[in-house]
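Analysis of the macromolecular model
The residues making up each chain are set out below.
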Amino acid sequence: SAFPQCKCFKQISVEDGNSAFISIDGVLFSKDMQTLICHPSGHPNSIYNIPSSVTSISDFGFSECSNLKSITIPSSVISIGAHAFSDCSLLKNITIPSNVTSIGESAFSNCFGLTSIRIPSSVTSIGASAFPQCKCFKQISVEDGNSAFISIDGVLFSKDMQTLICHPSGHPNSIYNIPSSVTSISDFGFSECSNLKSITIPSSVISIGAHAFSDCSLLENITIPSNVT
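Everything quoted here is computed from the prediction, not taken from an experiment. (Residues numbered from 1 in each chain as written. Predicted model: local features only at pLDDT ≥ 70, side-chain atom pairs only at ≥ 80, totals over all residues. Heavy atoms only, no water.)

As for the packing of aromatic side chains
According to the stated counting rule, one finds seven aromatic pairs in the structure shown. With a centroid separation of 5.1 Å and 15° between ring planes, the pair formed by Phe190 and Phe213 is classed as stacked. Here the residue Phe190 occupies a position in the loop between strand E16 (184–185) and strand E17 (198–200), and Phe213 occupies one in the loop between strand E18 (207–208) and strand E19 (221–222), the gap between them amounting to 23 residues. For the residue pair Phe190 and Phe213, the accessibility class agrees, reading buried in each case. (Phe/Tyr/Trp six-rings, centres within 6.5 Å; stacked < 30°, edge-to-face > 60°. Helix = DSSP H or I, 4+ residues; strand = E, 2+ residues; numbered from the N terminus. Buried < 20%, exposed > 50% of the residue type's maximum accessible area, 1.4 Å probe, protein only.)

Written out as structure tokens, the structure is:
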């Protein structure tokens, strides 16, 4: 996040002879084109195809790119950094390719146009608050064969069903009963779930993460079980 996050910031240029970095159409990359470092937040692109040489998208790589509506991530990408697409408010379409293994913290937070995200079988690491916090975001699906995660009725869990990771903020549930296998609720697990009025936490739960129920504005009933430490 070294560069301005504003509509006025439209391009980055790199002087000839720089041994570490290169700029293509105003977008900053490592010299070998394997790391996309920064797509300027005010760049006029509404559609962007990440080059097929890229294997990683840096933290804040596309943060606050308010003009972008569609981004194509090539199959070469294996890691998506923290806040990589945060606050891309017009982003409507994105597909996480099958080679991605990690999705960073807040990677897609405040992407208000996204309604769903599919997690490929390759993903083994997802950071806190990785997904959109908005009424439009209704479900997460997980590809068959994923060894780390599972989705039940659009809600994301660890594969063993012991950790509830994310209940999408726009999920239509008004009442939700957390499965009895769950022992921990992740940071931001139910954050901004504006439809929820009642949540049942089973006695199996022993930990509730930071901001787990923050901004659940309609929540009327909740009982913290006696096993929570």
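Description of the layout of surface pockets
As a volume, the largest pocket reaches approximately 220 Å³. In terms of lining residues, the largest pocket is bounded by 17 residues, among which Ile94, Thr95, Ser116, Ile117 and Arg118 are the most central. The set of elements that each furnish at least two residues to the lining of the largest pocket consists of strand E9 (116–119) and strand E11 (139–142). Here the lining of the largest pocket gets four residues from one element, more than from any other, and that element is E9. Grouping the constituent residues of the lining of the largest pocket by class yields seven nonpolar, seven polar and three charged. Empty space within the second largest pocket amounts to approximately 180 Å³. Together, 18 residues line the second largest pocket, and Ser129, Ala130, Ile165, Cys166 and Phe188 are the ones closest to its centre. Split by residue class, the lining of the second largest pocket holds ten nonpolar, seven polar and one charged. (1 Å grid on protein atoms, 1.4 Å probe; cavity = no way out; pocket = protein on both sides within 12 Å on 5 of 7 lines; lining within 4 Å. Points joined across faces, edges and corners; volume = space filled by probe spheres on them. Nonpolar A, V, L, I, M, F, W, Y, C, P; charged D, E, K, R; others polar.)

Things to note about the environment of Pro44
Mapped onto the elements of the fold, Pro44 is located in the loop between strand E3 (35–38) and strand E4 (47–49). Taking the C-alpha atoms as reference points, Pro44 and Glu105, separated by 61 residues in sequence, lie 26 Å from one another.

Looking at the sheet that holds E16
Strand order across the open sheet formed by five strands is E12-E13-E14-E16-E18, with mixed pairing between neighbours. Of all the strands in the sheet, just strand E12 (149–152) and E18 have a single pairing partner and so form its edges. The pairing of E16 with E18 spans two bridges and is parallel. Within the sheet, the bridge partner assigned to Ser184 lies in E18 and is Ser207. (Pairing = 2+ DSSP bridges.)

Some words on the sheet that holds strand E5 (residues 56–57)
Pairing in this open sheet of seven strands is mixed, and the strands run E1-E2-E3-E5-E7-E8-E10 from one edge to the other. Of all the strands in the sheet, just strand E1 (21–24) and strand E10 (125–126) have a single pairing partner and so form its edges. Strand direction decides the pairing type here: strand E2 (residues 27–30) and E3, joined by two bridges, are antiparallel. Among the inter-strand pairings, Phe29 is bridged to a residue of E3, identified as Leu36.

Concerning the side chain of His167
Topologically, His167 is positioned in the loop between strand E14 (163–166) and strand E15 (175–177). Look at His167 and you get buried, because its relative accessible area is 1%. Apart from the residues within four sequence positions on either side, His167 is in contact with Val155, Asn173, Tyr176, Gly189, Phe190, Cys193 and Leu196. (Contact = heavy atoms within 4.5 Å.)

Concerning the nonpolar core
Phe62, Ile80, Phe85, Phe108 and Phe131 are the most contacted members of the largest nonpolar core, which totals 42 residues. Taken together, the elements giving at least two residues each to this core come down to E2, E9, E11 and E14. In contact with Phe62, not counting residues within four places along its chain, are Leu36, His39, Tyr48, Ile50, Ile57, Leu68, Ile71, Ala84, Phe85, Ser86 and Cys88. In terms of nonpolar packing, the next biggest core, distinct from the first, is built from 17 residues, Ile185, Phe190, Cys193 and Val205 among them. (Core = buried A, V, L, I, M, F, W, Y, C linked by side-chain atoms within 4.5 Å.)

All quantities given are derived from atomic positions and should not be read as evidence of function.
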